[in-house]
Amino acid sequence: MGSPSPPEKIEYRTHPSPEALDHLPIADGLGRDFGYQSDTVRATLIGMTRMEGAELTVAVVEGQVVGFVLLGLPHPQSRWGRAMLKGLYEVVSFEVAHGWRGMGVGTGLLRAALTPPWEERILLASLDPEEWDLLWTGLSKTAYRQMLLSLGRSVGFAEYPLSLDVGLSHDPSSLFLVRVGSRVAQEQLRQFEALLGTSGARSLLEINQLPREEREAIYRRLIPDTVFTTCGIDAKTWTDAAGNHLVDVYAPPEQDMVWIGARARP
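Read on for an overview of the structure. Since we're looking at a predicted model, the values are computed, not measured. (Residues numbered from 1 in each chain as written. Predicted model: local features only at pLDDT ≥ 70, side-chain atom pairs only at ≥ 80, totals over all residues. Heavy atoms only, no water.)

### Here we look at the environment of Glu-187
Using the following cut-off: Comment: elements are numbered from the N terminus, with helices defined as DSSP H or I runs of at least four residues and strands as E runs of at least two. Side-chain atoms alone can form a polar contact between residues adjacent in sequence; in general such a contact is a pair of N or O atoms within 3.5 Å, and within protein one must be able to donate a hydrogen while the other accepts it.
Inspection of the secondary structure assignment puts Glu-187 in helix α7 (residues 186-197). Engagement of the side chain of Glu-187 in a polar contact is seen with the side chain of Arg-190, the distance being 2.7 Å.

### Quick word on the side chain of Glu-90
Applied cut-off: Three exposure classes are used, based on accessible area relative to the maximum for each residue type with a 1.4 Å probe and protein chains only: buried under 20%, partly exposed in between, and exposed over 50%. By the counting scheme adopted, Arg and Lys are positive, Glu and Asp are negative, and His together with the chain ends is not counted. Should a side-chain nitrogen of Lys or Arg be within 4 Å of a carboxyl oxygen of Asp or Glu, the pair is scored as a salt bridge. By definition, residues are in contact when any of their heavy atoms lie within 4.5 Å.
Structurally, Glu-90 is set in strand β4 (residues 88-96). The side chain of Glu-90 sits in the buried core without any salt bridge; Arg-79 is the nearest counter-charge, 11 Å away. In this structure, Glu-90 is in contact with Leu-70, Leu-71, Gly-72, Leu-73, Pro-74, His-75, Leu-123 and Leu-124, ignoring residues within four places of it in sequence.

### Some thoughts on the sheet that holds strand β5 (residues 122-127)
The following threshold applies: Two strands make a pair as long as DSSP finds a minimum of two bridges between them. Every axis in this analysis is a line fitted to C-alpha atoms, fitted for helices over the stretch in contact. Angles between the N-to-C directions lie between 0 and 180 degrees.
Spatial strand order, β1-β2-β3-β4-β5-β7-β6: 7 strands in an open sheet with mixed pairing. Every other strand in the sheet has two partners, leaving β1 (11-14) and β6 (158-160) as the edge strands with one partner each. Each strand of the sheet is rotated relative to its neighbour by a mean of 30°, with strand direction disregarded. Here strand β2 (residues 55-61) runs beside strand β3 (residues 64-72); their pairing, made up of 7 bridges, is antiparallel. Counted as the bridge partner of Val-60 is Val-65 from β3.

### Considering helix α6 (residues 141-154)
What counts here: To estimate how far a helix should extend, the number of its residues minus one is multiplied by 1.5 Å. In this description, one arc is meant: the one made by directions from the helix axis to the C-beta atoms.
When the terminal C-alpha atoms of α6 are compared, their 20 Å separation across 14 residues agrees well with the 20 Å that a helix rising 1.5 Å per residue should span. Those residues of α6 that fall on the buried side of the exposure criterion are Tyr-144, Arg-145, Leu-148, Leu-149, Leu-151 and Gly-152. Each buried residue of α6 lies within a common arc of 160° when the element is viewed along its axis, so the set occupies one face. Residues of α6 that are buried make contact with β4, α4 (105-113), β5, α5 (134-137), β6 and β7 (175-180). Phi turns positive one or two residues past the end of α6, at Gly-156, with a value near 100°.

### Side note on the packing of aromatic side chains
Where we set the bar: Here a Phe, Tyr or Trp ring, Trp counted by its six-membered ring, pairs with any other such ring whose centre lies within 6.5 Å, and the pair is stacked when the planes are under 30 degrees apart, edge-to-face when over 60, and tilted otherwise.
Per the counting criterion, the structure on display carries 5 aromatic pairs. Centre to centre, the rings of Trp-80 and Phe-176 are 5.7 Å apart; their planes meet at 15°, and the pair counts as stacked. Placement of Trp-80 in helix α3 (residues 79-83) and of Phe-176 in strand β7 is noted, with a sequence separation of 96 residues between them. In this structure Trp-80 comes out as buried when scored by relative accessible area, which is 4%.

### Brief notes about unusual backbone geometry
In this structure, Tyr-36 is a non-glycine residue whose phi angle is positive, near 60°. Unlike most non-glycine residues, Trp-238 shows phi in positive territory, near 65°. Looking at where Trp-238 falls in the secondary structure, it is placed in the loop between α10 (225-231) and β8 (247-250). Residue Trp-238 is classed as buried on the basis of its relative accessible area, which comes to 2%.

### Concerning the environment of Asp-133
Here Asp-133 lies in the loop between β5 and α5. Here the alpha-carbon distance between Asp-133 and Gln-37, two residues 96 residues apart in the chain, equals 17 Å. Leave out the neighbours within four places in its chain, and Asp-133 touches Arg-32, Tyr-36, His-98, Arg-101 and Tyr-144. A polar contact of 3.5 Å, which involves the side chain of Asp-133, links it to the backbone nitrogen of Trp-136.

Below, the structure is given as structure tokens:
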């Protein structure tokens, strides 16, 4: 196959029928979890269309599937599934074929999938480094994480503390993202926030009262990776190569406020 088509020639299909998928070829490099076997990937996509409470969106170029995203109800045995909170969904599966990455396909898939009804729902995305395609991309965990975070933010997701999703590994590179639709009912949001509150601090005052190590681990995530890179700061120790401390956090335990300062020189 020649050079990939420009993004504007990519077609996004929401709720494709099993019959339509049965006749679409699968692009090379799609289906990491299935050994890139096109028949297995196609059968899995067809199965996704039949899942209750799930919505599949595929990206098609020149008659072949180059990416997909499945949004659905949380697994019934997961913490989120057991809560049985109405309007709570998660990103179940999301992938773009190797040759089509870096062209905006992932962003296009998410934007096409997030149709108006999703503005009345809360969508979770738990992203664990164990599932990232680090080998093929050659990216570090930090770079891959930043790529996923930027992608999520571009469609309305916000980063939440890892402590709120006990299902993720303890790898500090893990990401827990939440998208609250613009028309989510206040009662629904209150119930979701109460659910988060069962697993950890959810206000600045509560965070400020945590032990220093826990408190700083949470606030560290508010500092963009580009600040660490530009200022030459070690993201874990907050020091430069000479050992000078370059990040300060002022978080008085009796107040619901925090001040974070980073500098390039001592």
